[in-house]
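Single-letter residue listing:
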Amino acid sequence: MTHGTDSIDSPTYGTFGNGGGGRNGGEPEPQYILRMFGEVVKTFRRRARLTQEQFAPLVGYSPETVASIEQGRRLPPPDFAERADSLLDAFGVILAAAKHLTRRKGLASWFRQWAELELSALSLYTYECRLIPGLLQTAAYARTLFADQLPPLADEQIEAQLAARLDRQQLLRERPNTAFSFILEEHLLLRDLGGEEVTRELLDHILGLSELRNVDIQIMPLVRHHHAGLHGPMRLLETPDHQWYGYLEGQEHGQFVSDPKVISALQMRCASMRSQALSLDDSQSLMRRMRGAR
């Protein structure tokens, strides 16, 4: 089963998005490839006598992102290598090294195309009825999902997948011009997955994210006589070229959607659900009441 809708590779099942799923995920990308790229960037940065804090604004990313890239914990955004090579006068070496980064570390093969598009998307719409989306999860909630996964994961696999999930969540704050919209079923917050303390922390976390200007979070109430989302969870994405794509995740695989007819149907369902769900203010009020009852 997928546990997070972010789909990170494990030996037999992918798990990153909300959590994973996919026998076809394949083996994780060897860490040394990302570490090698990070070392190349770090070497030329130091050659230019720049600290990470000085280099980060020049390349257009936060010091935390630069640190993650240099440590081999994060795949660089699509434009990072070109900017870094030019700024650091790296003679094309950084660009050449980037060509070997053909896969995102820890991502299932069926999720990689979507994950790459997320990095530059203008808008992202998510409807989830199974569990809290990966971008909104706390570490404790995500750890519960990984610990409950079957077949079981080893401790080192859980830690690797948790690190990848938390790293991906930086999208919400690093892309303030990207509009993120989430519709969550109310029962996801009533399930108490991981226990009351985990749920209490989760509610605080989601309420905090809902205060961001680029993040909209709506709750679909338990009782609703009409519901446009009965086909299951879905995600929609708009690229800088204003192309739309969809992503549908099942227990053991994900489906990337580009057919305009299918995209149109998904957009209609999403628009209908946004009107059927509670308003932004009412959703916040409901979560505050749920938080206060714990």
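Here the structure is a predicted model, which means the values were calculated and not measured.

## Observations regarding the packing of helix α2 (residues 52-59) against helix α4 (residues 80-87)
In step 1: At a closest axis distance of 10 Å, the pairing of α2 and α4 adopts a crossing angle of 115 degrees. Considering only the axes of α2 and α4, their crossing is right-handed. Of α4, the residues touching α2 (which contributes Phe55, Leu58 and Val59) are Phe80, Arg83, Ala84 and Leu87.
In step 2: Taken together, the residues that form the contact of α2 with α4 break down as 6 nonpolar, no polar and 1 charged.

## Structural notes on the packing of aromatic side chains
In step 1: Scanning the model with the defined rule gives 7 aromatic pairs in all.
In step 2: A ring pair is formed by Phe44 and Phe91, whose centres lie 6.5 Å apart and whose planes are at 65 degrees; its orientation type is edge-to-face. In this pair, Phe44 sits in helix α1 (residues 31-47) while Phe91 sits in the loop between α4 and α5 (93-98), placing the two residues 47 residues apart along the sequence.
In step 3: For Phe44, a relative accessible area of 12% gives the class buried.
In step 4: Residue Phe91 is classed as exposed on the basis of its relative accessible area, which comes to 61%.
In step 5: Ring plane angle 35 degrees and centroid distance 5.3 Å describe the contact between Tyr245 and Phe256, whose orientation is recorded as tilted. In this pair, Tyr245 sits in strand β7 (residues 244-249) while Phe256 sits in strand β8 (residues 254-257), placing the two residues 11 residues apart along the sequence.
In step 6: Judged by relative accessible area, Tyr245 falls into the partly exposed class, the value being 22%.
In step 7: For Phe256, a relative accessible area of 23% puts it in the partly exposed group.

Criteria and thresholds
Residues numbered from 1 in each chain as written. Predicted model: local features only at pLDDT ≥ 70, side-chain atom pairs only at ≥ 80, totals over all residues. Heavy atoms only, no water. Axes fitted to C-alpha atoms, helices over the stretch in contact; angles between N-to-C directions. Helix = DSSP H or I, 4+ residues; strand = E, 2+ residues; numbered from the N terminus. Left-handed = near helix turned anticlockwise from the far one by under 90°. Contact = heavy atoms within 4.5 Å. Nonpolar A, V, L, I, M, F, W, Y, C, P; charged D, E, K, R; others polar. Phe/Tyr/Trp six-rings, centres within 6.5 Å; stacked < 30°, edge-to-face > 60°. Buried < 20%, exposed > 50% of the residue type's maximum accessible area, 1.4 Å probe, protein only.

So, to be careful, I would describe these as geometric facts and stop short of saying anything about function.
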